[in-house]
Amino acid sequence: MTRTVPGSGASIQPVFNSVYGVKDVIVTAPGSGYSAADPPKLTIGNCGTPIRDAVLAANIADNGEILSVDVIDPGEGYNPLRLIIAVSYTHLTLPTNRE
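What counts and how
Residues numbered from 1 in each chain as written. Predicted model: local features only at pLDDT ≥ 70, side-chain atom pairs only at ≥ 80, totals over all residues. Heavy atoms only, no water. Helix = DSSP H or I, 4+ residues; strand = E, 2+ residues; numbered from the N terminus. Buried < 20%, exposed > 50% of the residue type's maximum accessible area, 1.4 Å probe, protein only. Contact = heavy atoms within 4.5 Å. Pairing = 2+ DSSP bridges. Phe/Tyr/Trp six-rings, centres within 6.5 Å; stacked < 30°, edge-to-face > 60°. Salt bridge = Lys/Arg side-chain N within 4 Å of Asp/Glu carboxyl O.

Novice: Got a sec to walk through the overall build of the protein? Specific residues and values, please.
Specialist: Counting its regular elements, the protein contains zero helices and four strands. Shown N-terminal to C-terminal, the secondary structure of the protein runs as helices and strands in the order β-β-β-β. When each of the 99 residues of the protein is scored for burial, the buried share is 22%. Here the contacts in the protein between residues at least 6 apart in sequence split such that 58% fall between residues at least 24 apart.

Here you go:
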């Protein structure tokens, strides 16, 4: 059975150390609906395959937002040059060249 964790909409950005492990984590969007009793599993994506995965723990506020992230194990071997920051547009109008 698939585990369903409450909450959605959070986004984090890693800060890497000299061996490309996670030194710190910036919460760029706190999301909502998270529970301290059943916190989400946080992962670092789009950075290649690390030698060892980082272990991160979310600190959840009473209102269900992610306040901060503790780095339990920084991991090692992420490739920060492959980090992709995706921008999503719900509506984009392109200029037309009509004469």
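Novice: Summarise the pairing of strand β2 (residues 22–32); cite the residues concerned and give the values.
Specialist: Here strand β1 (residues 8–16) runs beside β2; their pairing, made up of eight bridges, is antiparallel. Paired with V15 across the strands is D24, a residue of β2. Where β1 hands over to β2, the hairpin turn is made up of five residues, of which Y20 adopts a positive phi near 60°.

Novice: Explain the packing of aromatic side chains to me, and be specific about the residues and the numbers.
Specialist: For the coordinates displayed, the defined rule picks out one aromatic pair. Here the aromatic rings of F16 and Y78 are separated by 5.9 Å at their centres, their planes lie at 40°, and the arrangement is tilted. Within this pair, whereas F16 is found in strand β1, its partner Y78 is found in the segment after β4 (66–73), the two being separated by 62 residues in sequence. Using a relative accessible area of 18% as the deciding quantity, one classes F16 as buried. On the accessibility criterion, Y78 (4% relative accessible area) is buried.

Novice: Please give an account of the environment of I72 that cites residues and values.
Specialist: Positionally, I72 belongs in strand β4. Along the chain, I72 and A54 lie 18 residues apart, while their C-alpha atoms are 7.6 Å from each other. Apart from the residues within four sequence positions on either side, I72 is in contact with V55 and A57.

Novice: Go over the pattern of salt bridges, please, and point to the residues and values.
Specialist: Across all of its chains, the model carries two salt bridges by this definition. Between R52 and D73 there is a salt bridge, with its nearest N and O atoms 2.9 Å apart. Note that R52 is positioned in the loop between β2 and β3 (55–60) and D73 in strand β4, a separation of 21 residues in sequence. Taking the relative accessible area as the measure of exposure, D73 reaches 23% and is therefore partly exposed. A salt bridge links R52 to E76, with the shortest nitrogen-to-oxygen separation between them at 3.4 Å. A residue pair is termed long-range when its members are at least 10 positions apart, and R52 in the loop between β2 and β3 and E76 in the segment after β4 qualify at 24 residues. Overall, R52 belongs to the partly exposed group, its relative accessible area being 36%. A single network of salt bridges, built from pairs that share partners, joins R52, D73 and E76.

Novice: Explain the environment of V25 to me, using residue names and the numbers behind them.
Specialist: Secondary-structure assignment places V25 in strand β2. Here the alpha-carbon distance between V25 and V71, two residues 46 residues apart in the chain, equals 7.6 Å. Not counting residues up to four positions away in its chain, the partners in contact with V25 are I12, Q13, L56, V69 and V71.

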